[in-house]
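Residues per chain are reported as follows:
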Amino acid sequence: MKHLLSIEQLSREEIEGILDRAESFAEVGRRDIKKVPTLRGRTVVSLFYESSTRTSSSFDLAAKRLSADVVSVKAAGSSVEKGESLKDTVATLSAYDPAAIVIRHPYAGAAQMVAGWTAASVINAGDGKHEHPSQALLDVYTLRRKLGSLEGVRIWIVGDVLHSRVARSNLIAFNRMGAEVTVCGPPTLIPRGIEELGCDVAYGLEGIEEAEVVYALRMQKERMSESFVPSLREYAASFQIDSRRLQPRQLLMHPGPVNRGVELSGEAIDSPQSLITEQVAAGLVVRMAILYELLAGAEGAPSGEGESSRPTPIGTPA
Ligand code: CP
């Protein structure tokens, strides 16, 4: 695999392979020295045109834990603000001969375009409303650790499905792993035809008690050019997951950042059922596994070099 552009491109076996690799990095993370030399001498560029805390920090740390050199560029404060195009920015950063470029961009399809302009492996860290594949992988990893398997697990994805790349990637990934998915939200926030991706649709929370997992989505106010709900207060009254609506046996997930008091109550966020912190921790080891798969796996190892340049096994400390 050269690039990770979508979850759509991955088979169930490929997803499981990445998650198994992430498990081995979790083991490395429990050691005193958490760094391995796998990507020594290689460079990972992260290029973010939208704000991020979790994805950008965990990709940077994942690359550092694998001993890569890391260059992080945020559009704000860079020459993008002087009008440099995406193509020229990618050409500029490609001059450093990076092994990978991690890109987040508001335009759906941006990662795919970047893959056509660079020799580096490209990782989609979120492109508009399209996909966020590493989020889906870390969420499947989190659930697999908790439940053992997603086969037959009923998952309700609740909230602003229309503007959510996480909803799309997770729906595909959860289905591929054998879960039964329902998407739920006001009709204005559910994309027409989403059933074709293989899910049920609900326009209210009646019936949510059947779910083993409740996955709440952030209201993406920055992507809303019009009013999709009468007010956030009225949205919360109908769709907020709070301790009254969350059953004690249900698991609660959210990709973050959370609008506290809108899609989730403070109590629900801090409840024992909440996996939000586990999701963030999973992001590190899953993103290490993605970088390993692309850059040190069968297709990603440097070519035309001898035995000595082969990637170092995971178990060897840096
Ligand atoms: N879940 C997620 O993508 O979070 P960030 O925007 O903080 O990266």
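Calculation rules
- Residues numbered from 1 in each chain as written.
- Predicted model: local features only at pLDDT ≥ 70, side-chain atom pairs only at ≥ 80, totals over all residues.
- Heavy atoms only, no water.
- Helix = DSSP H or I, 4+ residues; strand = E, 2+ residues; numbered from the N terminus.
- Buried < 20%, exposed > 50% of the residue type's maximum accessible area, 1.4 Å probe, protein only.
- Pairing = 2+ DSSP bridges.
- Axes fitted to C-alpha atoms, helices over the stretch in contact; angles between N-to-C directions.
- Contact = heavy atoms within 4.5 Å.
- Domains from an automatic or database assignment.
- Buried area = accessible area lost by both parts, 1.4 Å probe.
- Salt bridge = Lys/Arg side-chain N within 4 Å of Asp/Glu carboxyl O.
- Left-handed = near helix turned anticlockwise from the far one by under 90°.
- Nonpolar A, V, L, I, M, F, W, Y, C, P; charged D, E, K, R; others polar.
- Near = heavy atom within 4 Å.
- Polar contact = N/O pair within 3.5 Å; in protein donor to acceptor, adjacent residues only side chain to side chain.
- Areas by Shrake-Rupley, 256 points an atom, 1.4 Å probe, with all protein chains shown as cover.
- 1 Å grid on protein atoms, 1.4 Å probe; cavity = no way out; pocket = protein on both sides within 12 Å on 5 of 7 lines; lining within 4 Å.
- Sits in = over half its atoms within 2 Å of the grid points.
- Core = buried A, V, L, I, M, F, W, Y, C linked by side-chain atoms within 4.5 Å.

Colleague: So what's going on with unusual backbone geometry? Residues and values would help.
Modeller: Looking along the chain, the bond that leaves glycine 256 and enters proline 257 is cis, with omega of -10 degrees. Within the element layout of this structure, proline 257 appears in the loop between strand 9 (251–253) and helix 8 (266–269). If you check the backbone angles, aspartate 97 has positive phi at about 55 degrees while not being a glycine. Tracing the chain through its elements places aspartate 97 in the loop between helix 3 (86–94) and strand 3 (100–105). On the accessibility criterion, aspartate 97 (62% relative accessible area) is exposed.

Colleague: Mind laying out the sheet that holds strand 6 (residues 180–184), listing which residues take part and the relevant values?
Modeller: Read from one edge of the open sheet, five strands run 7-6-5-8-9, paired in parallel fashion. Bordering the open sheet on either side are strand 7 (200–202) and strand 9, each of which pairs with just one other strand. Averaged over all pairs of adjacent strands, the angle between strand axes in this sheet comes to 20 degrees, irrespective of strand direction. Alignment of strand 5 (residues 154–158) against strand 6, held across five bridges, turns out to be parallel. In the strand pairing of strand 6, tryptophan 156 is matched with threonine 182. Here helix 5 (residues 133–147) sits on the sheet in contact with strand 5, strand 8 (213–216) and strand 9, set at roughly 165 degrees to strand 9.

Colleague: Break down the sheet that holds strand 1 (residues 43–48) for me, with residues and values.
Modeller: Pairing is parallel in the open sheet, where four strands are placed in the order 2-1-3-4. Each of the sheet's edge strands pairs with one partner strand only, and the pair in question is strand 2 (69–74) and strand 4 (121–127). Pairwise comparison of adjacent strand axes, ignoring direction, gives a mean angle of 15 degrees for this sheet. Relative to strand 2, strand 1 runs parallel, the two sharing six bridges. Looking at strand 2, one finds that valine 44 is bridged to valine 70. Sheet strands in contact with helix 2 (residues 54–65) are strand 1, strand 2, strand 3 and strand 4, and its direction is about 165 degrees off that of strand 2.

Colleague: Can you lay out the domain arrangement of the protein chain for me, pointing to particular residues and giving the numbers?
Modeller: The domain architecture assigned to the protein chain consists of domain 1 (7–131 + 283–295) and domain 2 (133–278). Taking only C-alpha atoms, the centre of domain 1 and the centre of domain 2 are 25 Å apart. With 32 residues of domain 1 at the interface, the matching set in domain 2 holds 26 residues. Here domain 1 meets domain 2 over a buried area of about 2,600 Å², counting both sides, of which 55% is carbon and sulfur. Sorting the residues of domain 1 by area buried against domain 2 places Ile7, Arg12 and Lys129 first, and these three jointly supply 25% of that buried surface. Scanning the region where domain 1 abuts domain 2 turns up six salt bridges. In this structure, the salt-bridge partner of arginine 144 is glutamate 23, at a minimum N-O distance of 3.8 Å.

Colleague: Any details on the packing of helix 5 against helix 9 (residues 276–295)? Residues and values, ideally.
Modeller: With their axes 8 Å apart at the nearest point, helix 5 and helix 9 run at an angle of 115 degrees to one another. Relative to helix 9, helix 5 is oriented so that their crossing is right-handed. Together, Ser134, Gln135, Leu137, Leu138, Asp139, Tyr141, Thr142 and Lys146 of helix 5 and Glu278, Gln279, Ala282, Gly283, Val285, Val286, Arg287 and Ile290 of helix 9 make up the contact between the two elements. In terms of residue class, the contact of helix 5 with helix 9 is made up of seven nonpolar, five polar and four charged.

Colleague: Can you lay out the site of the ligand for me, pointing to particular residues and giving the numbers?
Modeller: As a matter of local geometry, the ligand sits amid Ser51, Ser52, Thr53, Arg54, Thr55, Arg104, His132, Gln135, Pro255 and Gly256. Residue threonine 53 places a main-chain N or O atom 2.8 Å away from an oxygen atom belonging to the ligand. Within the backbone of arginine 54, a nitrogen or oxygen atom sits 2.9 Å from an oxygen atom of the ligand. When the ligand is considered free in solution it has 250 Å² of accessible area, and contact with the protein chains removes 92% of it. One can see that the ligand is located within the largest pocket. In terms of residue class, the shell around the ligand is built from one nonpolar, seven polar and two charged.

Colleague: Which residues make up the nonpolar core, and what are the values?
Modeller: One finds Leu137, Leu143, Ile155, Ile157, Phe174, Val183 and Leu291 to be the most contacted residues of the largest nonpolar core, which totals 67 residues. A per-element tally of this core places helix 9 first, with eleven residues. Both domain 1 (7–131 + 283–295) and domain 2 (133–278) contribute no fewer than three residues apiece to this core. One finds Trp156, Leu189, Val214 and Ile241 within the second-largest nonpolar core, a separate group that totals 23 residues.

Colleague: Give a description of the side chain of histidine 3 that names residues and reports values.
Modeller: With respect to the helices, strands and loops of the structure, histidine 3 is situated in the segment before helix 1 (12–29). On the basis of relative accessible area, histidine 3 is assigned to the buried category, the value being 17%. At 2.9 Å, the side chain of histidine 3 forms a polar contact with the backbone nitrogen of valine 122. If we ignore the near neighbours within four places in the chain, the residues touching histidine 3 are Gln9, Ala115, Ala120, Ser121, Val122 and Leu294.

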